[in-house]
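Now for the letters of each chain:
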Amino acid sequence: MTSAGVIDDYVTGLSHTLRGPRGPKLDMITEARDSLLDTAEALEGEGLDRAEAERIAVEEFGPIDEIAPGYQEGLSISAGRRLACLLFLSVPLTSLMWSLIWRVLPVDPTAYATWPVWFVSVARGLDILQLSGGALSGVALVALGRGLRRIRRPRLVTRSLAVLVYVMLPVTLALSTALAYGSKQPEGFATHPLVIVVLLTSFTSWLLQLYCATRCMRLTRREPVTTRLKDAVAA
């Protein structure tokens with residue numbers, strides 16, 4: 001077991017400086033720590049004492065304010081991938097579920113005659129909006145994966161996904177409310193088990209999208225790393 005020392009202090013400072021998804025962040029910190037320990041052990045094998053070996057290993061690794069931006073970029077990419085994956089799966093899925101609901105319910109064919117003339121157009125507009133959002137998130141998912149070698153500013157892709165959510169959610173809610181109003185809620189519609197399941201799925205999906213989008217916006221803010229490093233040291 002290695003006692004606490006320069007490497008532990010360095011890794012702790014790096015961890016406090018970085019922000020992002022817990023899993024990827026932990027992997028980065030663990031990888032950095034392992035690399036530092038390997039270097040320190042190699043230097044110790046050359047005859048240096050442990051404290052000096054750790055000091056040199058940290059010095060060679062680089063100051064936190066210089067290496068943290070690269071790590072932070074990786075965390076923002078990881079958060080962007082998560083949001084893109086969520087949108088790519090959930091947006092078309094909820095759209096398909098609601099399309100099936102409107103085909104299956106109401107069971108009384110005469111109920112369709114009471115819908116306003118704009119109902120079908122709004123429903124199609126909502127479908128197009130959701131499918132377009134799913135397609136754009138698919139493009140972003142590829143860009144933040146295999147396409148990383150070709151894009152210079154992946155941070156903007158992650159931020160654009162968050163903006164997409166902030167635009168889509170209010171419009172989706174507005175159109176969905178209009179459809180609910182225009183359908184005049186046939187008797188038993190709102191309490192039908194299928195409708196309840198789809199509603200819960202939709203609201204859960206929207207909350208997750210909003211949470212992930214807010215995280216992506218926070219991670220892609222242009223906040224100097226040195227500011228966070230000072231805050232971490234002060235804490």
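For the structure itself, consult the block above.
Since we're looking at a predicted model, the values are computed, not measured. Think of each chain on its own: its residues are numbered from 1, step by step along the sequence as written. Where local features are concerned, this predicted model is filtered to residues with pLDDT of at least 70; where side-chain atom pairs are given and counted, the filter is 80 or more; whole-chain, interface and lining totals use all residues. Each side-chain value is worked out from all heavy atoms of the structure, with water and hydrogens disregarded.

Peer 1: Any chance you could explain helix α1 (residues 6–17) here in plain terms?
Peer 2: Each α-helix winds once per 3.6 residues, and so residues spaced three or four apart point in a common direction. Think of it this way: any DSSP run of H or I at least four residues long counts as a helix, any run of E at least two long counts as a strand, and we number them from the N terminus. An expected span of 1.5 Å times one less than the residue number is assigned to each helix. The first and last C-alpha atoms of α1 sit 17 Å apart over 12 residues, in line with the 16 Å expected at 1.5 Å per residue. For every residue, the accessible area obtained with a 1.4 Å probe (protein chains only) is divided by the maximum for its type, and the residue is called buried under 20%, exposed over 50%, and partly exposed between those limits. The complete set of buried residues in α1 reads Ile7, Asp8, Tyr10, Val11, Gly13, Leu14 and Thr17.

Peer 1: Even after reading the chapter, I still don't get the environment of lysine 184, so can you show me in this structure?
Peer 2: Relative to the helices and strands, lysine 184 resides in the loop between α6 (154–182) and α7 (193–219). For lysine 184, a relative accessible area of 57% corresponds to the exposed category. As a C-alpha pair, lysine 184 and threonine 114 span 70 residues in sequence and 7.9 Å in three-dimensional space.

Peer 1: Help me out: how do you make sense of the pattern of salt bridges in this one?
Peer 2: Oppositely charged side chains are able to pair whenever their charged atoms sit close together. Every case where a carboxyl oxygen of Asp or Glu lies within 4 Å of a side-chain nitrogen of Lys or Arg is listed as a salt bridge. Tallied over the full model, the rule gives 5 salt bridges. The salt bridge partner of glutamate 52 is arginine 55, with a shortest N-O separation of 2.5 Å. Taken together, the residues glutamate 52 and arginine 55, both in helix α3 (residues 50–61) and 3 residues apart, mark about one turn of the helix. Judged by its relative accessible area of 27%, glutamate 52 falls in the partly exposed class. Looking at arginine 55, the relative accessible area reads 35%, which means it is partly exposed.

Peer 1: Can you help me understand the side chain of serine 78 in this one?
Peer 2: You can see serine 78 is positioned in helix α4 (residues 64–104). Beyond its immediate chain neighbours, meaning those up to four positions away, serine 78 contacts Pro21 and Pro24. Any pair of residues with heavy atoms lying within 4.5 Å of one another is described as a contacting pair.

Peer 1: Is there a simple way to explain the packing of aromatic side chains in this structure?
Peer 2: In this description, a pair of aromatic rings is defined by centroid distance and the angle of the planes. Two rings from Phe, Tyr or Trp (for Trp, the six-membered ring) form a pair when their centres are within 6.5 Å of each other. A pair whose planes differ by under 30 degrees is stacked, one over 60 is edge-to-face, and the rest are tilted. Counting across every chain of the model gives 3 aromatic pairs. Considering the side-chain rings of tyrosine 10 and phenylalanine 61, the 5.9 Å spacing of their centres and the 90° angle between planes classify their relative orientation as edge-to-face. Placement of the pair is tyrosine 10 in helix α1 and phenylalanine 61 in helix α3, with a sequence separation of 51 residues. A relative accessible area of 8% means that tyrosine 10 is categorised as buried.

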